[in-house]
Amino acid sequence: MESPALTFAALDEKIEALPLHPSLRISSSRKAKWGIALVAIAGALVLILGKVLPAKSWVSVLLSALLIIEIVGLVLVAIAELPGMKFTPAADRREFAEILDFDMPHHDGLVAWLRTFPRERVEAMSAFASLRTLRMQSKLPLLTGNLDKLGALPVFAALIIQFKDMHWPPQPSWSEVILFGALMIVYWLTLLQVGARLRLELYDVLLKKALTA
């Protein structure tokens, strides 16, 4: 039976199939995802509805309910994240070492799998991955600058915009609403691009290692 050809799609499928260390599964829990979604949706609705709806008593009740939903989302994220957090440097280093020990045999197995394919194919994919990595590293700053290095700062900036000069019911200007939405969209697109770049760099590293003796 002919073995399947080596492709980037097949390599990505192998990477996705790698098991995760138990400590890394906590951060992607369903509670955390629901919490982030509630914070984002409720925050956007507060800004938009606070602008378009009149200053009536029922509007204040509606916005208060959305604010409560936003707080509930933050609580869900905290509940999902706090149990897996290490609050001492020694515990954090120990967990990181455990993750490395867990990942290393899976990484070596992936490299061994790549070495089962013809060397010419691996060399061609490695050269192409290196080229695309360089191009992506040069193109990404043109769109986002150093936004991908700001971490959670854009999220805090959006919250400051939302609650700056807050009065109830909130009446944000259209410029604040547009800026809040644009910041969230650009930040999300940046995260997607950074994720793609990191995966491409992983392809490049694995293929190069598979070519070493």
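Okay, so let's go over this structure. (Residues numbered from 1 in each chain as written. Predicted model: local features only at pLDDT ≥ 70, side-chain atom pairs only at ≥ 80, totals over all residues. Heavy atoms only, no water.)

### Thoughts on the pattern of salt bridges
Per the counting criterion, the structure on display carries six salt bridges. As a salt-bridge pair, Asp108 and Lys209 come within 3.7 Å of each other at their nearest N and O atoms. One end of the pair, Asp108, is in helix α5 (residues 89-114); the other, Lys209, is in helix α8 (residues 174-211), and 101 residues separate them in sequence. The partly exposed category is assigned to Asp108, whose relative accessible area is 34%. For Arg197, the salt bridge goes to Glu201, with nearest N and O atoms at 3.6 Å. Of this pair, Arg197 and Glu201 both sit in helix α8, four residues apart, which is roughly one turn of the helix. A residue is classified by how much of its surface remains accessible, and Arg197, at 17% relative accessible area, is buried. A relative accessible area of 23% means that Glu201 is categorised as partly exposed. Each of Asp12, Glu16 and Arg199 takes part in one network of salt bridges that share partners. (Salt bridge = Lys/Arg side-chain N within 4 Å of Asp/Glu carboxyl O. Helix = DSSP H or I, 4+ residues; strand = E, 2+ residues; numbered from the N terminus. Buried < 20%, exposed > 50% of the residue type's maximum accessible area, 1.4 Å probe, protein only.)

### A look at the layout of surface pockets
Size it by volume and the second largest pocket reaches roughly 400 Å³. Lining the second largest pocket are Ile15, Glu16, Leu18, Pro19, Leu20, Asp103, His106, His107, Leu110, Arg199, Leu202 and Leu206. At the level of elements, α1 (8-16), α5 and α8 are the ones that each hand at least two residues to the lining of the second largest pocket. Looking at the lining of the second largest pocket, the element that brings in the most residues is α5, giving four residues. Taken together, the residues that form the lining of the second largest pocket break down as seven nonpolar, two polar and three charged. (1 Å grid on protein atoms, 1.4 Å probe; cavity = no way out; pocket = protein on both sides within 12 Å on 5 of 7 lines; lining within 4 Å. Points joined across faces, edges and corners; volume = space filled by probe spheres on them. Nonpolar A, V, L, I, M, F, W, Y, C, P; charged D, E, K, R; others polar.)

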